[in-house]
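# Close look at the chain arrangement
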Amino acid sequence: RIRMAALPGITLQDLGQEKSGIISFSVGNIPPGQVTTTMAEAGINISTTSALSTLRDMEGRGIEQMNRIGVHYYNSETELDRFMDCLER
């Protein structure tokens, strides 16, 4: 989250004080589906979520879609670096 928040154009969408390994984010004006496709082409698995999943929250914040990445104990630093490199590009 710290590295992502430092990138221009990246908006972290997570709310609440306690954060989990799931990070919700937006990338400037790039549609979330395009971000997911670009990551997939680089061998990185992330997802797209829509207001249908969390209607009151996302609708209340004016968000139609956003991306999500789930970081877990089995993810290596190398994998996280690859994700960050792709996100920066």
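Residues numbered from 1 in each chain as written. Predicted model: local features only at pLDDT ≥ 70, side-chain atom pairs only at ≥ 80, totals over all residues. Heavy atoms only, no water.

### Things to note about the pairing of strand β2 (residues 22-27)
Counting buried residues along β2, 5 of its 6 residues qualify, which places the element largely inside the surrounding structure. When β2 meets strand β4 (residues 65-70), the two strands line up antiparallel, connected through 4 bridges. Paired with Ile22 across the bridge in β4 is Gly70. (Buried < 20%, exposed > 50% of the residue type's maximum accessible area, 1.4 Å probe, protein only. Helix = DSSP H or I, 4+ residues; strand = E, 2+ residues; numbered from the N terminus. Pairing = 2+ DSSP bridges.)

### Digging into the packing of aromatic side chains
The description of an aromatic ring pair uses the distance of the two centres, along with the angle that the planes make with each other. The tally for this structure, following the rule as stated, stands at 2 aromatic pairs. Ring centres 6.0 Å apart and planes at 75° place the aromatic pair Phe25 and Phe83 in the edge-to-face group. You can see Phe25 sitting in strand β2 and its partner Phe83 sitting in helix α4 (residues 77-88), a full 58 residues away along the chain. Look at Phe25 and you get buried, because its relative accessible area is 0%. (Phe/Tyr/Trp six-rings, centres within 6.5 Å; stacked < 30°, edge-to-face > 60°.)

### Let's talk about the environment of Gln13
Positionally, Gln13 belongs in the loop between β1 (10-12) and β2. On a C-alpha basis, the gap between Gln13 and Ile63 in space is 9.4 Å, while along the polypeptide they are 50 residues apart. Apart from the residues within four sequence positions on either side, Gln13 is in contact with Ser24, Phe25, Ser26, Arg61, Ile63 and Met66. (Contact = heavy atoms within 4.5 Å.)

### So, the nonpolar core
Counting 15 residues, the largest nonpolar core has Met4, Phe25, Met39, Ile46, Phe83 and Leu87 as its most contacted members. Counting only elements with at least two residues in this core, the list comes to β2, α2 (32-41) and α4. If we skip the residues at most four places from it in the chain, Phe25 touches Met4, Thr11, Leu12, Gln13, Val35, Ile46, Met66, Asn67, Arg68, Ile69, Phe83 and Leu87. (Core = buried A, V, L, I, M, F, W, Y, C linked by side-chain atoms within 4.5 Å.)

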